[in-house]
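Summary of the model geometry
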Amino acid sequence: MSVAHHLRRHVTAVVALVLLATVFLVARLPEASAADRRDLAAPYRFTPLAISIPGGFPQQTIRRVNRDYERIRAWISSVGAGIAMNDLDGDGLPNDLCLTDVRIDRVVVAPTPGRGDDRYASFALDPAPLPMNPYVAPMGCVPGDFNEDGRTDLLVYWWGRAPVLFLAKADTGKLSAGSYEPVELVATQSSGGIYTGPLWNTNAAAVADFDGDGHQDIFIGNYFPDGPVLNDTVSGGVVMNTSLSVAFNAGENHILRWTGAGAAAPDRAPTATYESTKGIFAEDVSRGWTLAAAATDLDGDLLPELYVANDFGPDRFLHNRSTPGAIRLALLESTDPGVFTPKSKRIGHDSFKGMGVDFGDFNGDGVHDLYVGNITTSFGIQESNFAFVSTTGTPGKDLAAGRAPWTDRSAPLGLAWSGWSWDVKFGDFANSGEPAVVQTAGFVKGEVNRWPQLQELATANDAVVSNPFWWPNVRQGDDIAGGQHLAFHVRGAGGRYEDVSRELGLDIPVPTRGIATGDADGDGRLDFAVARQWDAPVFYRNDSPSTGRFLGLRLVHDNGSAVVDAQVRVTLPGGRVLIGRVDGGSGHSGKRSFDVHFGLGRIDGPVRVDIAWRDRTGAVRRDELQTGPGWHDVTLGSEAREVTS
């Protein structure tokens, strides 16, 4: 047989091998050396501090669950740790934490540790006299001024009941459990003090003025269908997802529209009323298995768009076309033709496990981009995070036509793979002008590796996965991605991000969930706090040694409450633009403070600051300031007015 004939017989195999080698060489991305990572980490330093948790509560290490879920009890117990950072006591600093601690199933308010942590003793919120039952557990806490009296309230969402507003009372002295009046967010039922209302199982909430009437509305993202997920005395009434990639049988998502409020007074309890809006979402939008949400204005009309990150199916990106009193959100789909982008990485079509989302600007074009956390574990389930980067500086026309002009650039940015990913937060912790990205990771920590069984489930027929009987055992002691750690992504000189968590001592092998950011001590350096699943939360004080200048803005209404959804553009000498916004609560279970923070690098002089917002009547306002580095308090009414004393 001739050599030529032999080659012709095997040409297909040879071509396949050449293609595989070529794809490997093209797809293989450069990795920073240890020395390069040390250099990238050099400007940063964080000191871990313990957060005070009140004692006296029963401890647990796993949840009680519906009997149908007993074999996957650890899986059902894998969420619920959340944390928010804000100014709750009115001292002008976001040095207060509201956290959900799964070890005690309580919502805890605590001062940030360090300077001033003796202002009050940490305490647990008390929902009494509202009805409860033993099968309810808190999942997250969202600060906001829900009754518009200038005091910061707390929205708590749960598995097993509808959310509760903890409205701040009139001045009661030191912050304590008695400082809040619990109020139902939606109409509920009770019998003999036992909660019998809607069995919502909520894992996401975002606060924004969706209808543009000047008042904050609330998005509620539910996970399991309404049912007794945590009731260990019953069997039934619960299901799992009908698919691992296109499931639409979760609990219904809601937007609750603000309709009125009453301020607290010594002789009067505070009130806030919301109405449930109907018909906003189609079934395949409303019933995704939601784990995170983020809202901000992307086209300049001061109506916030909404991104909903879903487990087991496509995330949903929604363009806001509302008018006051009438919320209307339209589904967006990717403009990427898909020639080089797989369907699974295109907006509106992905099949990944969305678990965290935040807005930032990757490419410096003055348009918000998105970073979305998914499952990205080698030799486990290797999906990809999403770094959706804008492809146009003026997305308005595309959005109006139902097109989403963002494309995934996670691989070239070095952000594609970071483990079993959850919450994400942008933040310029070194004030360099180049924000870092913090990301939580990890699932279930134990001793018995259950990755092989989970991989079998990932290839299972969709016809069986909705029945928990067919799921692999995930009990206490089992491990799936339990040794993964927090990621701290820093942008290098070539534009790629590198995870320097190990160099910074942040690589603790404990599953983490929520991230909260804010400048707790007012020194211009962003601190952050992390909620850890079945472990103590931790506060990381920013002691970075070589930070640049910064610009910080506290944007408030006349009564002192934050102007949620306000958009800010800072123009630097030379024309570069930085963007930010007052965030009403984006993410999985972590919520940043309301302050808007920018790193300025070496810039010392004044910069131009353009602010756009809606006043309390819903009117769109725009104004410009010239201001220098440091913290600035600005009142936004009919114009922007800096408070100088």
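Residues numbered from 1 in each chain as written. Predicted model: local features only at pLDDT ≥ 70, side-chain atom pairs only at ≥ 80, totals over all residues. Heavy atoms only, no water.

Going by what an unreviewed UniProt entry lists, the protein is known as RNA-binding protein and is assigned to Virgisporangium ochraceum.

A short note on the sheet that holds strand β13 (residues 217–222)
Here we have four strands laid out as an open sheet, ordered β12-β13-β14-β15, and antiparallel in their pairing. In this open sheet, the two edge strands, each paired with only one partner strand, are β12 (202–208) and β15 (271–276). The sheet shows a mean angle of 30° between the axes of neighbouring strands, taken without regard to direction. (Pairing = 2+ DSSP bridges. Helix = DSSP H or I, 4+ residues; strand = E, 2+ residues; numbered from the N terminus. Axes fitted to C-alpha atoms, helices over the stretch in contact; angles between N-to-C directions.)

A word on helix α8 (residues 451–458)
Within α8 the residues assigned to the buried category are Trp451, Leu454 and Leu457. Looking straight down α8, one finds that the buried residues subtend no more than 115° of arc, so they occupy a single side. Each element contacted by the buried residues of α8 is listed here: α4 (73–76), β27 (419–427), β29 (448–449), α9 (462–465) and β30 (478–479). (Buried < 20%, exposed > 50% of the residue type's maximum accessible area, 1.4 Å probe, protein only. Arc of directions from axis to C-beta. Contact = heavy atoms within 4.5 Å.)

As for the state of the cysteines
Under the definition given, this model contains one disulfide. Note that Cys98 is cross-linked by a disulfide to Cys141, the S-S spacing being 2.0 Å. Around the S-S axis, the bridge from Cys98 to Cys141 shows a dihedral of about 100° and counts as right-handed. Taken together, the residues Cys98 in strand β3 (residues 96–101) and Cys141 in strand β6 (residues 137–144) connect sequence positions 43 residues apart. Classification of Cys98 as buried rests on a relative accessible area of 1%. The buried category is assigned to Cys141, whose relative accessible area is 2%. (Disulfide = S-S within 2.5 Å.)

Brief notes about the UniProt feature "domain: ASPIC/UnbV" (unreviewed entry) in the protein
Here the UniProt-annotated "domain: ASPIC/UnbV" (unreviewed entry) positions come out as residues 564–617. Counting secondary structure, residues 564–617 comes out at 0% helix and 48% strand; the distance between its end C-alpha atoms is 14 Å. (UniProt positions renumbered as here; feature names shortened; annotations may be inferred.)

Looking at the pattern of salt bridges
Under the counting rule described, the total for this entry stands at 37 salt bridges. Between Arg103 and Asp101 there is a salt bridge, with its nearest N and O atoms 2.7 Å apart. For Asp101, a relative accessible area of 4% corresponds to the buried category. With a shortest N-O distance of 3.7 Å, Glu624 and Arg608 are connected by a salt bridge. You can see Glu624 sitting in strand β42 (residues 620–627) and its partner Arg608 sitting in strand β41 (residues 607–614), a full 16 residues away along the chain. Owing to a relative accessible area of 40%, Glu624 belongs among the partly exposed residues under this scheme. Residue classification places Arg608 among the partly exposed positions, given a relative accessible area of 38%. Where salt bridges share partners, they join Asp89, Asp91, Asp96 and Arg119 into one cluster. (Salt bridge = Lys/Arg side-chain N within 4 Å of Asp/Glu carboxyl O.)

Notes on unusual backbone geometry
Pro129 follows Ala128 through a cis peptide bond whose omega is 10°. Looking at the secondary structure, you find Pro129 in the loop between β5 (123–124) and β6. A positive phi angle, close to 60°, is found at Phe379, a residue other than glycine. In this structure, Phe379 sits in the loop between β23 (375–376) and β24 (386–390). Under the relative-accessibility criterion, Phe379 is labelled exposed at 80%. The phi dihedral of Asp565 is positive, around 85°, even though this residue is not glycine. Within the secondary structure, Asp565 sits in the loop between β36 (549–556) and β37 (567–571).

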